[in-house]
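# A closer look at the structure
Listed below are the residues making up each chain.
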Amino acid sequence: MNPFNHFKGTSFLDQAIENRTSTQAIESRTSTQAQNHCKQMDPVEKKAAVHEELKRMNQLPANSTYATHRLRVLNKILQLMSIERTMSQDKELELLFAGLSL
């Protein structure tokens, strides 16, 4: 049996669209799971998770662009968590926190 038979009759563009759609579905499901997990965490757990991620990032090389950026984001989140927020700001912070995938 030819392993490429399932591509028979489809164009490269059709295959690319199909692959992109399935990738987006997986990413959406993963993002939703992360958001649900973050909503279940209380503020103390969230702060602890951010501190754990800070420790992990501090172990990476100091000249790492990824680590530098991630540290800035994590520090900003800690700052935002420590101030009084409106409901809309709190919702935005939840989305940001969910996007970190801690």
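Scroll up for the structure.
Residues numbered from 1 in each chain as written. Predicted model: local features only at pLDDT ≥ 70, side-chain atom pairs only at ≥ 80, totals over all residues. Heavy atoms only, no water.

### Topic: the environment of Val-50
Heads up, the rule is: Here a helix means four or more residues in a row that DSSP labels H or I, a strand means two or more in a row labelled E, and each is numbered from the N terminus. Accessible area is worked out with a 1.4 Å probe on protein chains only. A residue is then buried under 20% of its type maximum, exposed over 50%, and partly exposed in between.
Relative to the helices and strands, Val-50 resides in helix α2 (residues 43-58). What makes Val-50 buried here is its relative accessible area of 0%. Note: C-alpha distance between Val-50 and Leu-74 (24 residues apart in sequence) is 6.4 Å.

### Quick notes on the packing of α2 against helix α3 (residues 65-82)
For clarity, the threshold we go by: Each axis is a line fitted through C-alpha atoms, and for a helix only the stretch in contact is used; angles between axes span 0 to 180 degrees, taken between their N-to-C directions. Here is the rule for angles: anything less than 35 degrees is roughly parallel, anything more than 145 is roughly antiparallel, 65 through 115 is roughly perpendicular, and the remaining ranges are oblique. Note: crossing handedness is left-handed where the near helix turns anticlockwise from the far helix by less than a right angle, and right-handed where it turns clockwise. Here, residues are in contact when the closest pair of their heavy atoms is within 4.5 Å. Here the nonpolar group is Ala, Val, Leu, Ile, Met, Phe, Trp, Tyr, Cys and Pro; Asp, Glu, Lys and Arg are the charged ones; every other residue, Gly included, is treated as polar.
Two elements in contact, α2 and α3, have axes separated by 10 Å at closest approach and are oriented at 155 degrees. For the element pair α2 / α3, the angle class is roughly antiparallel. Both α2 and α3 take part in a crossing whose hand is left-handed. Seen from α2, the contacting residues are Pro-43, Lys-46, Lys-47, Val-50, His-51, Glu-53, Leu-54, Met-57 and Asn-58; seen from α3, they are Tyr-66, Ala-67, Arg-70, Leu-71, Leu-74, Asn-75, Ile-77, Leu-78 and Met-81. Split by residue class, the contact of α2 with α3 holds 11 nonpolar, three polar and four charged.

### Quick look at the pattern of salt bridges
Put simply, the rule reads: Any Lys or Arg side-chain nitrogen located within 4 Å of an Asp or Glu carboxyl oxygen qualifies as a salt bridge.
All chains considered together, the criterion is met by five salt bridges. Taking the shortest distance from any N to any O, the salt bridge between Glu-94 and Lys-46 comes out at 2.2 Å. With Glu-94 in helix α4 (residues 87-99) and Lys-46 in helix α2, the pair connects residues that are 48 residues apart, well separated along the chain. Asp-90 is the partner of Arg-85 in a salt bridge, and the nearest nitrogen-oxygen pair spans 2.9 Å. Ionic contacts of the salt-bridge type, sharing partners, join the residues Glu-53, Arg-56 and Arg-70 into one network.

### Some thoughts on α2
For clarity, the cut-off: One less than the residue count of a helix, multiplied by 1.5 Å, gives the span that helix is expected to have. Along the arc lie the directions from the helix axis toward the C-beta atoms.
With 16 residues, α2 should reach 22 Å at 1.5 Å per residue; the first-to-last C-alpha distance of 22 Å fits that figure. Within α2 the residues assigned to the buried category are Lys-46, Ala-49, Val-50, Glu-53, Leu-54 and Met-57. All buried residues of α2 lie within an arc of 145 degrees about the axis, which places them on one face of the element. The outward face of α2, more than 90 degrees from its buried face, is lined by the exposed residues Val-44, Lys-55 and Asn-58.

### Some points on the environment of Ile-77
Relative to the elements of secondary structure, Ile-77 occurs in helix α3. Ile-77 sits 30 residues away from Lys-47 along the chain, and the two C-alpha atoms are 9.0 Å apart. Residues in contact with Ile-77, not counting those within four places in the same chain, are Val-50, Leu-93, Leu-96, Phe-97 and Leu-100.

### What about the nonpolar core?
Soluble globular proteins tend to pack their nonpolar side chains together in the buried interior. In plain terms, the rule: Think of a nonpolar core as a cluster: buried Ala, Val, Leu, Ile, Met, Phe, Trp, Tyr and Cys residues, connected wherever their side-chain atoms sit within 4.5 Å.
Counting 12 residues, the largest nonpolar core consists of Met-41, Ala-49, Val-50, Leu-54, Met-57, Leu-74, Ile-77, Leu-78, Met-81, Leu-93, Phe-97 and Leu-100. Secondary-structure elements contributing two or more residues to this core are α2, α3 and α4. Leave out the neighbours within four places in its chain, and Met-81 touches Pro-43, Lys-46, Lys-47, Val-50 and Leu-93.

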